[in-house]
Amino acid sequence: MPPKSDRVSSTLRQEVASRANHRCEYCLSPDNFSPDSFTTDHIYPRFLGGKSTSDNLSWACFGCNGRKHIKTKGEDPQTHKAVSFFNPRTQNWLAQILHQSR
Ligand SMILES: [Zn+2]
């Protein structure tokens with residue numbers, strides 16, 4: 001269990017959810033239609049030294065958070081190269097999708 005000072009407070013959790021308009025910041029599914037609870041995802045995993053600060057937290061559904069887990073990169077299915085995961089704090093979701101569809 002993380003030290004108490006590194007836990008996400010309920011106030012910060014609500015701030016992250018509100019900033020994301022209560023949608024998963026990876027797949028955009030709304031949290032009010034999910035049977036599973038959403039969580040604050042550490043964009044840069046706490047396991048690797050990421051902090052529980054607003055700029056390192058995203059709102060994530062159970063599936064996206066579970067698939068990402070403590071990884072920061074995944075394999076591109078087309079090139080088979082390791083690529084960094086989408087970062088909702090520094091990248092624009094729509095621009096990312098439009099870039100991938102070219
Ligand atoms: Zn998701």
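Our structure's up above, just so we're on the same page.
Residues numbered from 1 in each chain as written. Predicted model: local features only at pLDDT ≥ 70, side-chain atom pairs only at ≥ 80, totals over all residues.

Student: For this particular structure, what's the right way to read the environment of Ala17?
Tutor: Within the fold, Ala17 resides in helix 1 (residues 10–19). Judged by C-beta crowding, with 17 C-beta atoms within 10 Å, Ala17 ranks as partly exposed. Between the alpha carbons of Ala17 and Ser58 there is a distance of 7.9 Å; along the sequence they are 41 residues apart. The contacts of Ala17, once residues within four sequence positions are left out, are His22, Asp31 and Trp59. (Helix = DSSP H or I, 4+ residues; strand = E, 2+ residues; numbered from the N terminus. Buried ≥ 20, exposed ≤ 12 C-beta atoms within 10 Å, placed from the backbone. Contact = placed C-beta atoms within 7 Å.)

Student: I keep staring at unusual backbone geometry and nothing clicks. Help me out?
Tutor: For His22, which is not glycine, the phi dihedral falls at a positive 55°. In this fold, His22 is placed in the loop between helix 1 and strand 1 (39–42). The class of His22 is partly exposed, set by 13 C-beta atoms lying within 10 Å. Positioned with a positive phi, His69 is a non-glycine residue whose angle comes to about 50°. Counting through the fold element by element, His69 comes out in the loop between helix 2 (62–68) and strand 3 (73–75). The class of His69 is exposed, set by 9 C-beta atoms lying within 10 Å.

Student: What should I look at first to understand the nonpolar core in this one?
Tutor: One broad trend across soluble globular proteins is that nonpolar side chains are buried collectively. With 11 residues, the main nonpolar core is built from Val16, Ala20, Cys24, Tyr26, Phe38, Ile43, Leu57, Trp59, Ala60, Cys61 and Cys64. The dominant element in this core, judged by the number of residues it contributes, is strand 2 (residues 57–60), at three residues. (Core = buried A, V, L, I, M, F, W, Y, C linked by C-beta atoms within 7 Å.)

By themselves, these figures tell us nothing about what the structure is for.
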